[in-house]
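Each chain, letter by letter, is given below.
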Amino acid sequence: MDSLYLLIPVALVFVALGIKLLLWAIDDGQYDDLDKESWRILQDEREADGNEDASRRD
């Protein structure tokens, strides 16, 4: 029973820290555009393929 007096406040501190980090990430713009990075990867591959084709022509 005595351990609960320590574990409950520690758990509440961890929950508060997790919520604070989540709100910081949201305010920082981490979740603004989730699809942009996935499309950028595909676009980079197409650009890299296009650049290689241009260098082979020379």
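Refer to the structure printed above.
Read on for a plain summary of the structure. For clarity, every value in this text was computed on a predicted model and none was experimentally measured.

**Some points on the overall build of the protein**
Counting its secondary structure elements, the protein contains two helices and zero strands. Within the protein, the proportion of its 58 residues that are buried is 2%. For the protein, the accessible surface area stands at approximately 5,700 Å², while carbon and sulfur atoms represent 60% of it.

**Considerations on a nonpolar patch on the surface**
Among the surface-exposed residues, Val 15, Ile 19, Leu 22, Leu 23, Ile 26, Tyr 31 and Leu 34 lie close enough to one another that they form a single nonpolar patch of about 690 Å² accessible area. Turning to its location among the elements, Leu 22 is positioned in helix 1 (residues 2-27).

**Digging into a negative patch on the surface**
A grouping of Asp 27, Asp 28, Asp 32, Asp 33 and Asp 35 is seen on the molecular surface, where their side chains present a negatively charged patch. Relative to the helices and strands, Asp 35 is located in the loop between helix 1 and helix 2 (36-57). According to the relative accessible area criterion, Asp 35 is exposed, its value standing at 51%.

**Considerations on helix 1**
With 26 residues, helix 1 extends 39 Å between its outermost C-alpha atoms, agreeing within 8% with the 38 Å of an ideal straight helix rising 1.5 Å per residue. After helix 1 finishes, the residue Gly 29 shows a positive phi value of roughly 95°.

Rules used in this analysis
Residues numbered from 1 in each chain as written. Predicted model: local features only at pLDDT ≥ 70, side-chain atom pairs only at ≥ 80, totals over all residues. Heavy atoms only, no water. Helix = DSSP H or I, 4+ residues; strand = E, 2+ residues; numbered from the N terminus. Buried < 20%, exposed > 50% of the residue type's maximum accessible area, 1.4 Å probe, protein only. Areas by Shrake-Rupley, 256 points an atom, 1.4 Å probe, with all protein chains shown as cover. Patch = residues over 30% accessible without salt bridge, like charges linked within 9 Å, V, L, I, M, F, W, Y side chains within 5 Å. Salt bridge = Lys/Arg side-chain N within 4 Å of Asp/Glu carboxyl O. Lys, Arg positive; Asp, Glu negative; His and termini not counted. Charge placed at Lys NZ, Arg CZ, Asp CG, Glu CD. Expected span 1.5 Å × (residues − 1).

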